[in-house]
Amino acid sequence: MKLYHGSDIAVNEPRLIESSRALDFGKGFYVTTSFEQAKRWAMRVMARNGSNDGWVSEYEIDVEAAEKGLKILRFESANAEWLDFVCDNRKRGYAKSRYDLITGPVADDKVYSVVTRYERGIYDKEEALKRLKAEKLVDQWAFCSQKALDFLKFEKAVKNDG
């Protein structure tokens, strides 16, 4: 299976780095099955870092082998468990994951506003989930351990021209 990572540099050797931002699934190296989503991530990183170049790095993963060798948490949709997990990671920042790999929907800008309104008490859980169901969500995969990263094989990097 192909996975993509967007950044302002080509990433041929993925690694776990500390992030000052509270991420959906905590600390990890994030990829997606959507080339278009990775391009959007590259544009966001370019803007945040004041960079001139964006890159989409492409990887291959043997999903069957990963399933046998890793502890994986999967969220099939933006359900109540996903919402609680994302909010917990955002409130508390990074806490060491009990999982090697976490997959599920990515909270893009529209979804992020729903999650934020839920966190602030503007929406109750039922209203937030109703609004989340209306969105077509792209996936994200967070590689949370070196063991998980060892399953990710770099293929190539493509310059993102927007």
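Since the model is a prediction, treat every value here as computed from it, not as a measurement.

Scoring rules and cut-offs
- Sequence order sets the numbering: in each chain, residues are counted from 1 along the sequence as written.
- For this predicted model, a pLDDT threshold of at least 70 governs which residues receive local features, and a threshold of 80 or more governs which side-chain atom pairs are given and counted, while totals over whole chains, interfaces and linings are taken from all residues.
- With hydrogens and water excluded, all non-hydrogen atoms of the structure serve as input to the side-chain values.
- Each aromatic pair joins two rings of Phe, Tyr and Trp (for Trp, the six-membered one) with centres within 6.5 Å, and gets the label stacked for planes under 30 degrees apart, edge-to-face for over 60, and tilted for any other angle.
- Only DSSP runs of H or I covering at least 4 residues are called helices, and only runs of E covering at least 2 are called strands; the numbering of each starts at the N terminus.
- Here the term buried applies to any residue with accessible area under 20% of the maximum for its type, exposed to any over 50%, and partly exposed to those in between, with areas from a 1.4 Å probe on protein chains only.
- In this description, strands pair whenever DSSP reports at least two bridges between them.
- With axes taken as lines fitted to C-alpha atoms, and helix axes fitted only over the stretch in contact, angles between N-to-C directions fall between 0 and 180 degrees.
- Throughout, a residue-residue contact means that at least one pair of heavy atoms, one from each residue, lies within 4.5 Å.
- pLDDT expresses how confident the predictor is about each individual residue, on a scale running from 0 to 100.
- Helix span, expected: 1.5 Å multiplied by one less than the number of residues in the helix.

Trainee: In this structure, what is going on with the packing of aromatic side chains? I would like to understand it.
Mentor: This model, assessed by the stated rule, comprises 6 aromatic pairs. Taking 6.0 Å as the distance between ring centres and 65° as the angle between the ring planes, the aromatic pair formed by Tyr59 and Phe154 counts as edge-to-face. You can see Tyr59 sitting in strand 3 (residues 54–61) and its partner Phe154 sitting in strand 7 (residues 152–160), a full 95 residues away along the chain. Given the relative accessible area of 0%, Tyr59 is considered buried. The exposure class of Phe154 is partly exposed, given its relative accessible area of 31%.

Trainee: Looking at this structure, how should I read the pairing of strand 5 (residues 101–105)?
Mentor: Looking along a regular strand, one sees the side chains alternate between the two faces of the sheet. Here strand 5 lies mainly inside the structure; 5 of its 5 residues are buried. Strand direction decides the pairing type here: strand 4 (residues 72–74) and strand 5, joined by 3 bridges, are parallel. Bridge pairing in strand 5 places Leu73 opposite Ile102. As paired elements, strand 5 and strand 6 (residues 139–143) share 5 bridges and run antiparallel to each other.

Trainee: Teacher, can you tell me more about the sheet that holds strand 7 here?
Mentor: What holds strands together in a sheet is hydrogen bonding between their backbones, with the strands either parallel or antiparallel. Taken together, the 3 strands give an open sheet; going across it, the order is 1-3-7, and neighbouring strands pair in antiparallel fashion. A single partner strand is all that each edge strand has here, and the edge strands are strand 1 (2–7) and strand 7. For this sheet, the mean angle separating the axes of adjacent strands, direction not counted, is 25°. Where strand 1 lies against strand 3, 6 bridges are found, and the strand directions are antiparallel. Bridge pairing in strand 3 places Gly6 opposite Val56. Helix-sheet contacts for helix 1 (residues 35–49) involve strand 1, strand 3 and strand 7, and the interaxial angle to strand 1 is about 15°.

Trainee: Would you mind going over the confidence of the model for the chain with me for this structure?
Mentor: Close reading of the predicted structure is inappropriate where its pLDDT is low. This prediction gives the chain a mean pLDDT of 88; 90% of its residues lie at or above 70. Averaged pLDDT values for the elements of the chain fall to 82 in helix 4 (residues 109–119) and rise to 97 in strand 3.

Trainee: When you look at the sheet that holds strand 4 in this model, what are you seeing that I'm missing?
Mentor: Strand order in this open sheet of 4 strands is 2-6-5-4, and the pairing throughout is mixed. Where the open sheet ends on each side, the last strands, each with one partner, are strand 2 (29–31) and strand 4. The mean angle between the axes of side-by-side strands here comes to 15°, regardless of whether they run parallel or antiparallel.

Trainee: Help me understand helix 1, please; the structure alone is not making it clear to me.
Mentor: At 3.6 residues per turn, the α-helix brings residues three or four places apart onto the same side. In a regular helix each residue adds 1.5 Å, so 15 residues correspond to 21 Å; helix 1 covers 21 Å between its end C-alpha atoms and thus fits that length. Buried within helix 1 are the following residues: Gln37, Ala38, Lys39, Trp41, Ala42, Val45 and Met46. Structurally, helix 1 contributes buried residues whose contacts are with strand 1, strand 2, strand 3, strand 6 and strand 7. Phi turns positive one or two residues past the end of helix 1, at Gly50, with a value near 65°.

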